[in-house]
Amino acid sequence: MTQVPLQTRDLVAGKPAVPGAPLLSVENIHVEFRLDFGTVKAVNGLTYHVNERETVAILGESGSGKSVSAQAVMGIIDSPPGFVTDGSVKFRGVELLTMAEKERRQVRGERIAMIFQDALTALNPVFTVGWQIGEMFREHHGSTKKEGLDAAVELMDRVKIPLARDRVNSYPHEFSGGMRQRVMIAMALALDPDVLIADEPTTALDVTVQAQIMQLLSDLQEETGMGLILITHDLGVVAEVADRVVVMYAGDSVEKGEISDVYHNPAHPYTMGLMDSMPRHDVQKDRLNPIKGSPPDLMAIPAGCAFNPRCPYAQDICRVEKPHLHELGEAGRVSACHFVEEVRDARNRSGSRL
Amino acid sequence: MLETAPEAGSDKKLGEPILTVNNLVKHYPITQGILFKRQIGTVKASDDVSFELHRGETLGLVGESGCGKTTTARTILRLETPTSGSVIFRGKDIFKMSQKELREVRREIQVIFQDPYASLNPRMTVGDIVAEAWRIHPEVLAKEKQQARTLELLEMVGLNPDHINRYPHQFSGGQRQRIGIARALALNPSVIVADEPVSALDVSVQAQVVNLLEDLQAELGLSYIFIAHDLSVIRHICDRVAVMYLGKIVEIGDEIQVYEHTAHPYTKALLSAVPALDPNAKQVEHRILLEGDVPSPADPPSGCRFRTRCWKAQEICAGEIPELILRDTDHPVACYFPERPA
Ligand SMILES: Nc1ncnc2c1ncn2[C@@H]1O[C@H](COP(=O)(O)OP(=O)(O)OP(=O)(O)O)[C@@H](O)[C@H]1O
Ligand SMILES: Nc1ncnc2c1ncn2[C@@H]1O[C@H](COP(=O)(O)OP(=O)(O)OP(=O)(O)O)[C@@H](O)[C@H]1O
Ligand code: SF4
Ligand SMILES: [Mg+2]
Ligand SMILES: [Mg+2]
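These numbers come from a predicted model, not from an experiment.

Observations concerning helix H5 (residues 173–185) of chain B
Residues and elements named next belong to chain B.
Point 1. For H5, with 13 residues, the first-to-last C-alpha span of 19 Å sits near the 18 Å given by 1.5 Å per residue.
Point 2. Most of H5 is tucked away: 10 of the 13 residues are buried.
Point 3. Those residues of H5 not exposed but buried are Gly174, Arg176, Gln177, Arg178, Ile179, Gly180, Ile181, Ala182, Ala184 and Leu185.
Point 4. On its buried face, H5 is in contact with strand E6 (109–112), helix H3 (126–136), helix H4 (146–156), strand E7 (191–195) and helix H6 (203–220).

Shown next as structure tokens:
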């Protein structure tokens, strides 16, 4: 890694450092929190990548490690107690985890941006929104106050905040939830990132506002060609916007693939369980078919397949041997279940498909 | 889905009304000043709301944040002082009842809240939480029978009766919601008002609680008022649905009428905003994207409150408030230009 500084300059300028490498790749990442009363194994081997212009959804229920894995990518794990114990995060083929702090901060600050899950409370109530958006330019480009404000107005226009020029001096509490989320998106886009990680960007919003925000994100992606990593627990949002999906359970992916493959022919009992649990607004459904039990305690993840205590198909081997991701027929399609073929056959026979 | 006859929506026959809400109004004053409070306006949180709840049915109240769902439910039970209107329960107006009569109503109509954690006392065991109801209403169950009944209730809601001495923090979110349900059932209610009971739960656990509520209804003949902002959950669990916007019901009907013969433009927009679970659905292309935000309930638009965001609005919409009535539609709608089946 002798050439790190040179590569970094290229990276920040948006040039590919390693030709042919994915825009961002995360490999075998492990994160744990060492607490007084035990170790929380929050992320356990997650691997995925995103390309330019692509939307990859990270789907999982509460506590499955979605946010922590994104924090690992951004290098903002709360440490101690949190530690990245293994794995690799590459931006355009260049390793970020071992990069010198200063360069890393530059790449992460400018090329990879994140909208945080608690975005609606992330704005500082005592500064105007224009000041807070302008901060990005003052800090990274050494802009003046006036330049910062002008840039803020332009960005507010871009994220379709009406009357941007008039509202640039408003305070966050004067904005609705949807408008505050637009402000957060404006801040994330300020430096024209190559990758945007959006952690539950619409979870706290009403469905009509969610539709507006998702439309905005997809327009912006079209315009800039950025790669979008969308973290969510909402299967509907995933179905609508993602190209590929990574389904997470207990800190690791249980299956991955192109969106319509996964939805029409799920390859893991957990994904199937999620789909059967979903009520529908567009069709009548007699009875929901929930997954039994609840998600595992991350201080005591079950041996073998983490899903085995809740899985209707579990056999002895599932309680001792962790199933590794293996490839299925379709492009980019992998599943971590010892009995994929059997499970899929059983589901197809029972006819419970979407 | 026009071949479906309107009545096909209700597989249950409507029972007699157990609760009738007439023109319920709840306005909150907006005050200014600390020592000398002056009223500078009113929030029209719930404004002229009427509906009937029938025996054994589930009525859904659905709408976006701030549309007045919780206010309506709390005012029905007089947990908020009503501004005007009446709520008839067992032939009597709850709004005119004495404290003594009200106490009995609050036994028969139980409430389940959104946040199972905040509504459970962290220093009480599960057994004590369930039994507390009988401390307030000792007439319901003799003391010596309480322990056995608590075990029975825990079993009924799918909790392990051996866990009777555990504390709320030792349970998961879904289990805590089950504790809340057991507590509500302790008083043998006939009506349960559930305010966003599954909104905080993950989808796999949410499905467990939805199934539990359905089973309990079938077993005990309960009537539910079920509040949620999730249109899919509402469709799944409700027999009839009332859609609210800015303090008013904009349309009310059975599940098929509201979801398949949608008449109000707001409901149309709301339904089109829900992502389809099918990646090939191309829902996005037909989506009605509403502009802007919901106006302030302190200063709602004249006439139809949706008119400022409605693509069908005409001059008449700014005049008289459209009444919630049949308008060549198979269910009541508060719109001068309702959608009609083609
Ligand atoms: N700072 C921390 N200290 C200790 N444990 C933590 C910390 N941050 C996260 N965790 C734990 O790591 C696990 C994964 O959390 P994470 O926030 O990634 O879940 P998530 O999938 O984003 O869930 P949600 O959908 O609720 O946001 C959880 O068990 C959480 O309690
Ligand atoms: N105690 C109060 N004082 C003043 N205004 C209130 C009060 N309670 C509620 N409101 C206002 O009344 C309106 C209706 O609120 P309500 O809580 O009934 O909505 P909701 O439909 O339950 O929303 P949510 O989905 O967010 O729970 C809102 O504008 C709210 O700000
Ligand atoms: S590996 Fe076994 S327990 Fe895990 S999902 Fe597959 S069948 Fe179920
Ligand atoms: Mg999270
Ligand atoms: Mg509410």
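Next comes the rest of the description.
Quick look at the nonpolar core
Most often, soluble globular proteins have nonpolar side chains that are buried together.
Point 1. Leu24, Ile197 and Leu235 of chain A are the most contacted members of the largest nonpolar core, which has 69 residues in total.
Point 2. Counting residues per element, this core draws most heavily on strand E2 (residues 38–50) of chain A, which supplies 6 residues.
Point 3. Residue-level mapping places this core at the junction of two domains, with at least three residues from each of domain 1 (6–242) and domain 2 (261–350) of chain A.
Point 4. Leave out the neighbours within four places in its chain, and Leu24 of chain A touches Tyr48, His49, Val50, Val73, Val89, Lys90, Phe91, Ile112, Val195 and Ile229 of chain A.
Point 5. Judged by nonpolar contacts, the second largest core, of 63 residues, contains Leu120, Ile192, Ile234 and Ile237 of chain B.

Observations regarding the site of ligand 3
Point 1. Residues in close proximity to ligand 3 total 13 residues, the closest being Cys305, Cys311, Cys318, Cys337 and His338 of chain A.
Point 2. Of the residues belonging to the shell around ligand 3, the class tally is 10 nonpolar, 3 polar and no charged.

Things to note about the coordination of the magnesium ion (ligand 4)
Residue and element names in this part refer to chain A.
Point 1. Protein coordination at the magnesium ion (ligand 4): the donors are Ser67 (OG) and Gln117 (OE1), at 2.0 to 2.2 Å from the metal. Placement of the pair is Ser67 in helix H2 (residues 66–74) and Gln117 in the loop between strand E6 (112–115) and helix H4 (119–122), with a sequence separation of 50 residues.
Point 2. Judged by its relative accessible area of 17%, Ser67 falls in the buried class.

Here we look at the interface of chain A and chain B
Point 1. Taken together, the 41 residues of chain A in the interface contact 42 residues of chain B.
Point 2. Summed over the shared surface of chain A and chain B, the result is 3 salt bridges.
Point 3. For Arg287 of chain B, the salt bridge is made with Glu240 of chain A, and the minimal N-O distance between the two is 2.8 Å.
Point 4. At the junction of chain A with chain B, the criterion picks out 17 residue pairs in polar contact (both at pLDDT 80 or more).
Point 5. Residue assignment for the side of chain A that touches chain B shows that the elements contributing at least two residues are helix H9 (207–224), helix H10 (235–241), helix H11 (259–264) and helix H12 (269–277) of chain A.
Point 6. In terms of residues, the side of chain A that touches chain B owes the most to one element, H9 of chain A, which gives 7 residues.
Point 7. Grouping the amino acids of the side of chain A that touches chain B by side-chain chemistry returns 17 nonpolar, 14 polar and 10 charged.

A closer look at the pairing of strand E10 (residues 248–254) of chain B
Point 1. E10 of chain B sits mainly inside the fold: 7 of its 7 residues count as buried.
Point 2. Between the end of strand E9 (residues 240–245) of chain B and the start of E10 of chain B, which pair antiparallel, lie 2 residues, with Leu246 of chain B showing a positive phi angle near 45 degrees.

Details of a nonpolar patch on the surface
Point 1. Together, Leu35, Phe37 and Met299 of chain A make up an exposed nonpolar region whose accessible area comes to about 300 Å².
Point 2. Among the structural elements, Met299 of chain A can be located in the loop between H12 and strand E11 (326–327).

What about the sheet that holds strand E8 (residues 223–228) of chain B?
Residues and elements named next belong to chain B.
Point 1. A sheet is described by the order of its strands in space; here 6 strands give the open sequence E6-E7-E8-E3-E9-E10, paired in mixed fashion. Each edge of the sheet is formed by a strand with only one pairing partner; in this case those strands are E6 and E10. On average, each strand axis in the sheet is inclined to that of its neighbour by 15 degrees, with strand direction left out of account.
Point 2. Sheet topology places strand E3 (residues 58–62) next to E9; 4 bridges connect them, and they run parallel. Residue pairing across strands places Leu59 opposite Arg240, the latter belonging to E9.
Point 3. The strands touched by helix H1 (residues 69–76) are E3, E7, E8 and E9; relative to E8, the strand with the most contacts, the crossing angle is about 150 degrees.

What about the site of ligand 2?
All names here are of chain B.
Point 1. Around ligand 2, the neighbouring residues are Tyr28, Val43, Ala45, Ser65, Gly66, Cys67, Gly68, Lys69, Thr70, Thr71, Glu196 and Pro297.
Point 2. Here an oxygen atom of ligand 2 and a backbone polar atom of Cys67 are 3.3 Å apart.
Point 3. The side chain of Lys69 places a nitrogen or oxygen atom 2.8 Å from an oxygen atom of ligand 2.
Point 4. For ligand 2, the protein covers 62% of the area, taking 640 Å² as the surface of the free molecule.
Point 5. Only strand E2 (38–54) and H1 provide two or more residues apiece to the shell around ligand 2.
Point 6. For the shell around ligand 2, the element with the highest residue contribution is H1, accounting for 3 residues.
Point 7. Residue composition of the shell around ligand 2, grouped by class: 5 nonpolar, 5 polar and 2 charged.

A closer look at helix H5 (residues 129–141) of chain A
Point 1. Given a rise of 1.5 Å per residue, 13 residues ought to cover 18 Å, and the 18 Å separating the end C-alpha atoms of H5 of chain A matches this to within 8%.
Point 2. Residue Gly142 of chain A follows H5 of chain A closely and has a positive phi angle near 60 degrees.

Quick word on the sheet that holds strand E10 (residues 252–258) of chain A
All names here are of chain A.
Point 1. The strand order across the open sheet formed by 8 strands is E6-E7-E8-E3-E9-E10-E12-E11, and the pairing between neighbours is mixed. The outermost strands of the open sheet, each flanked by one partner alone, are E6 and E11.
Point 2. For E10 and strand E12 (residues 334–335), the ladder comprises 2 bridges, and the chain directions are antiparallel. Across the sheet, residue Lys256 finds its bridge partner in E12, namely Val334.

Things to note about the packing of helix H8 (residues 177–189) of chain A against H9 of chain A
Residues and elements named next belong to chain A.
Point 1. Axis separation between H8 and H9 bottoms out at 10 Å; the angle between their running directions is 15 degrees. When the interaxial angle is binned, H8 and H9 end up roughly parallel. H8 and H9 meet at a crossing whose hand is right-handed. Side by side, H8 and H9 meet where Gly178, Gln181, Arg182, Ile185 and Leu189 of the first sit next to Val209, Gln212, Ile213, Leu216, Leu217 and Leu220 of the second.

Criteria and cut-off values
Residues numbered from 1 in each chain as written. Chains lettered and ligands numbered in written order. Predicted model: local features only at pLDDT ≥ 70, side-chain atom pairs only at ≥ 80, totals over all residues. Heavy atoms only, no water. Helix = DSSP H or I, 4+ residues; strand = E, 2+ residues; numbered from the N terminus. Expected span 1.5 Å × (residues − 1). Buried < 20%, exposed > 50% of the residue type's maximum accessible area, 1.4 Å probe, protein only. Contact = heavy atoms within 4.5 Å. Core = buried A, V, L, I, M, F, W, Y, C linked by side-chain atoms within 4.5 Å. Domains from an automatic or database assignment. Near = heavy atom within 4 Å. Nonpolar A, V, L, I, M, F, W, Y, C, P; charged D, E, K, R; others polar. Donors = N, O, S within 2.8 Å, 3.2 Å for Na, K, Ca; no water. Salt bridge = Lys/Arg side-chain N within 4 Å of Asp/Glu carboxyl O. Polar contact = N/O pair within 3.5 Å; in protein donor to acceptor, adjacent residues only side chain to side chain. Pairing = 2+ DSSP bridges. Patch = residues over 30% accessible without salt bridge, like charges linked within 9 Å, V, L, I, M, F, W, Y side chains within 5 Å. Areas by Shrake-Rupley, 256 points an atom, 1.4 Å probe, with all protein chains shown as cover. Axes fitted to C-alpha atoms, helices over the stretch in contact; angles between N-to-C directions. Parallel < 35°, antiparallel > 145°, perpendicular 65-115°, else oblique. Left-handed = near helix turned anticlockwise from the far one by under 90°.

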